[in-house]
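Okay, here's what each chain looks like letter by letter:
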Amino acid sequence: MEIDSVAAGSCSKENQIIYKDWFEFADSADGDERITGNDAIKFFSMSNLPRPELKQVWAIADAKRQGYLGFKEFIVAMQLVSLAQTGHEISHEVLHSDVDFKNMNPPVMDGLIVLMAKKKKHSPKSSDPNGSPAADASLTAHWFSSKSSKKISLSSVTSIIDGLKRLYIQKLKPLEVAYQFNDFVSPLLTNSDFDAKPMVMLLGQYSTGKTTFIKHMLKSSYPGKLSSLSSHIGPEPTTDRFVVVMSGPDERSIPGNTVAVQADMPFSGLTSFGTAFLSKFECSQMPHPLLEHITFVDTPGVLSGEKQRTQRAYEFTGVTSWFASKCDLILLLFDPHKLDVSDEFKRVISSLRGHDDKIRVVLNKADQVDTQQLMRVYGALMWSLGKVLNTPEVARVYIGSFSDKPINEVSTGPIGRELFEMEQEDLLSDLKNIPKKACDRRINEFVKRARAAKIHAYIISHLKKEMPAIMGKAKAQQKLMDNLEDVFGKVQREHHLPKGDFPNVDHFREVLSGYNFDKFEKLKPKMLQTVDDMLGYDIPELLKNFKNPYD
């Protein structure tokens, strides 16, 4: 499965050297390894293409809508410009056409050679030819230190993600810290949370093919599975841990305790689940083209009945909920012989509340039943899901057999084979779109988090306000705890907040039990207004600044 663009992968080495020089020239104003809209307008104008064509070039090259072009995206843009100059129509399809990208000449850029010669004459210091965006990543990582958090200038923001980091540090994080949002809802965000690749989590009862699905996507096993699972995949529970499968320079498996303290990985929040969980968590790294764009999260099979509670020493639903908030897509896997949704699986699905738009359902191993049985199985699955997924929309269900074994045509017949192939294409298309939508998803999750932080601040400050000044504090606190649902209702009515955005009462009460309400912060209207301004003005302005420069 290829997600990377054909054009960028098919560029000759000679042209890459030319494009590298051009890229550095276009980026010479700040040398941050990013061509922003302003850089592009100046540089691309030398192509003498009309504005509508340049608009299309930018839209295709910046497919992830990051608001800038890295070196790879710049190559795609240059090849598209070259195609446009030779009369080709510019569209997404042209990247996957039979055009000979490898031997394509670079575009004609009017006056570029003269400008580059002048630049070299006045700049004896040449930039590092192997410059890497990693330098920029370390710069933004420095923003998260307490000393520099207030000194981030607007000019240092060169992408939408940078802008979100700046807004978080300067406007949202102070509210979260003041009202201890990190203890109740979600740990404070780090630099790596913003920069992480899109994640896909697989959930299901044991033996529904979660690990096999990942192996099928990668066309190989991954470290940690090579010896322990390749000979074991079968009807018994095999994956007994959470495994994050991600890109790395070489094949290796990293233990959970190590992963959780690595600053360049977005998993530090998992330390709150304790050593019992971290000993059942690992990161599997390997070089793979698909993993350059997507990270997979393989999970233990959901057990049934008492096993789930007695055999796991950590809060399974809490962990799945944490990953759900970080993931871009959640695949619920079923097989035709395991359609019953156990109580524990219901709890796991309930923990995904608020992430319904990310959920897709996969009916795996569907070639184990014939066409008539498959119709009945599909109906039974939809009925079971209807009772668990409390949404008016019908969940999208992909039907197929996602493994490297050939489809069992004896059961399915030729019609079944054709159906499975079309369903597999649809699912692959969904996965391919994840990197393109990743930036939009980050914005969406950021706005959701800001709203949750506001509601949390209103609840905490209300509890503080209801406490007596001197006598009977313990009694008053217990009464507020017992009537927490009424407290939520009061806060909702007083501040005109949506009921569906409030946290789970039982979970909130459980966390509250360890706190002294009297020590909570009072309501700080100025702080809340800052977050309102961020949502109402700063984020729309950020998106406007990094939209297609030719709009």
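What you are looking at is a predicted structure, and each value in this text was computed from that prediction instead of being measured. (Residues numbered from 1 in each chain as written. Predicted model: local features only at pLDDT ≥ 70, side-chain atom pairs only at ≥ 80, totals over all residues. Heavy atoms only, no water.)

1. Points about the UniProt feature "domain: EF-hand" (unreviewed entry) in the protein chain
Thought 1: As recorded in UniProt, the feature "domain: EF-hand" (unreviewed entry) lies at residues 49-84.
Thought 2: The straight-line gap between the two end C-alpha atoms of residues 49-84 is 8 Å; of that span, 69% is helix and 6% is strand. (UniProt positions renumbered as here; feature names shortened; annotations may be inferred. Helix = DSSP H or I, 4+ residues; strand = E, 2+ residues; numbered from the N terminus.)

2. Looking at helix 17 (residues 371-388)
Thought 1: When the terminal C-alpha atoms of helix 17 are compared, their 26 Å separation across 18 residues agrees well with the 26 Å that a helix rising 1.5 Å per residue should span.
Thought 2: Burial in helix 17 covers these residues: Leu 374, Val 377, Leu 381, Ser 384, Leu 385 and Val 388. All buried residues of helix 17 fall inside an arc of 95 degrees around its axis, so they share one side. Away from its buried face by more than 90 degrees, helix 17 exposes Met 375, Arg 376, Trp 383 and Lys 387. (Expected span 1.5 Å × (residues − 1). Buried < 20%, exposed > 50% of the residue type's maximum accessible area, 1.4 Å probe, protein only. Arc of directions from axis to C-beta.)

3. Quick look at a positive patch on the surface
Thought 1: A cluster of basic residues, Lys 475, Lys 479, Lys 490 and Arg 493, forms a positive patch at the surface.
Thought 2: Contributions of two or more residues to the positive patch are made by helix 19 (473-482) and helix 20 (484-495).
Thought 3: As for its placement among the helices and strands, Lys 479 is situated in helix 19. (Patch = residues over 30% accessible without salt bridge, like charges linked within 9 Å, V, L, I, M, F, W, Y side chains within 5 Å. Areas by Shrake-Rupley, 256 points an atom, 1.4 Å probe, with all protein chains shown as cover. Salt bridge = Lys/Arg side-chain N within 4 Å of Asp/Glu carboxyl O. Lys, Arg positive; Asp, Glu negative; His and termini not counted. Charge placed at Lys NZ, Arg CZ, Asp CG, Glu CD.)

4. Structural notes on the packing of aromatic side chains
Thought 1: Applying the stated rule across the entire model yields 27 aromatic pairs.
Thought 2: Centre to centre, the rings of Tyr 19 and Trp 22 are 5.7 Å apart; their planes meet at 70 degrees, and the pair counts as edge-to-face. Of the two residues, Tyr 19 and Trp 22 both sit in helix 2 (residues 13-26), three residues apart, roughly one turn of that helix.
Thought 3: When its relative accessible area of 1% is taken as the criterion, Tyr 19 is described as buried.
Thought 4: Ring-pair connections join several aromatic residues into one group, and the members of that group are Phe 242, Phe 267, Phe 273, Phe 277, Phe 281, Tyr 314, Phe 316, Trp 322 and Phe 323.
Thought 5: Looking at Lys 20, its charged tip hangs above the ring of Phe 71, at a distance of 4.7 Å from the centre.
Thought 6: Sitting above the plane of the Tyr 68 ring, Arg 34 keeps its charged end 4.4 Å from the centroid. (Phe/Tyr/Trp six-rings, centres within 6.5 Å; stacked < 30°, edge-to-face > 60°. Lys NZ or Arg CZ within 6 Å of the ring centre and 35° of its normal.)

5. Details of the confidence of the model for the protein chain
Thought 1: Across the protein chain, the average pLDDT comes to 82, with 85% of residues at 70 or higher.
Thought 2: Across residues 1-5 the pLDDT falls below 50, and counting only partners more than four positions away or on other chains, this stretch makes 17 contacts in the model.
Thought 3: Across residues 125-137 the pLDDT falls below 50, and counting only partners more than four positions away or on other chains, this stretch makes twelve contacts in the model. (pLDDT = per-residue confidence, 0-100. Contact = heavy atoms within 4.5 Å.)

6. Topic: the sheet that holds strand 10 (residues 397-399)
Thought 1: One open sheet accounts for eight strands, arranged 5-6-4-7-3-8-9-10; its pairing is mixed. A strand with exactly one partner marks an edge of an open sheet, and here the two such strands are strand 5 (252-255) and strand 10. Averaged over neighbouring strand pairs, the angle between their axes works out to 25 degrees when direction is ignored.
Thought 2: Of the pairings in the sheet, the one linking strand 9 (residues 359-363) to strand 10 comprises three bridges and is parallel in character. By the bridge assignment, Leu 363 is partnered in strand 10 with Ile 399. (Pairing = 2+ DSSP bridges. Axes fitted to C-alpha atoms, helices over the stretch in contact; angles between N-to-C directions.)

7. A look at the packing of helix 2 against helix 5 (residues 71-85)
Thought 1: Between helix 2 and helix 5, the least distance of the axes is 10 Å, while the angle of their chain directions is 105 degrees. The pairing of helix 2 with helix 5 is recorded here as roughly perpendicular in orientation. Contacts between helix 2 and helix 5 pair Gln 16, Tyr 19, Lys 20, Trp 22 and Phe 23 from the former with Phe 71, Phe 74, Ile 75, Met 78 and Gln 79 from the latter. (Parallel < 35°, antiparallel > 145°, perpendicular 65-115°, else oblique.)

8. Focus: the environment of Gln 285
Thought 1: With respect to the element layout, Gln 285 can be found in strand 6 (residues 281-286).
Thought 2: Using a relative accessible area of 6% as the deciding quantity, one classes Gln 285 as buried.
Thought 3: Taking the C-alpha atoms as reference, Gln 285 lies 8.2 Å from Val 244; in sequence the two are 41 residues apart.
Thought 4: Every residue in contact with Gln 285, bar those within four places of it in the chain, is listed here: Pro 223, Met 246, Ser 247, Gly 248, Asp 250, Glu 251, Arg 252, Ile 254 and Met 265.

9. Here we look at the pattern of salt bridges
Thought 1: Summed over all chains, the structure comprises 21 salt bridges.
Thought 2: Among the ionic pairs, Arg 449 bridges to Glu 176, the shortest N-O distance being 2.7 Å. Here the residue Arg 449 occupies a position in helix 18 (residues 409-465), and Glu 176 occupies one in helix 8 (residues 160-178), the gap between them amounting to 273 residues. Judged on exposure class, the residue Arg 449 and its partner Glu 176 are both buried.
Thought 3: For Glu 445, the salt bridge goes to Lys 448, with nearest N and O atoms at 3.4 Å. Highlighted residues: Glu 445 and Lys 448, both in helix 18, separated by three residues, approximately one helical turn.
Thought 4: Residue class for Glu 445 comes out buried when judged on its relative accessible area of 16%.
Thought 5: Residue classification places Lys 448 among the partly exposed residues on the basis of a relative accessible area of 29%.

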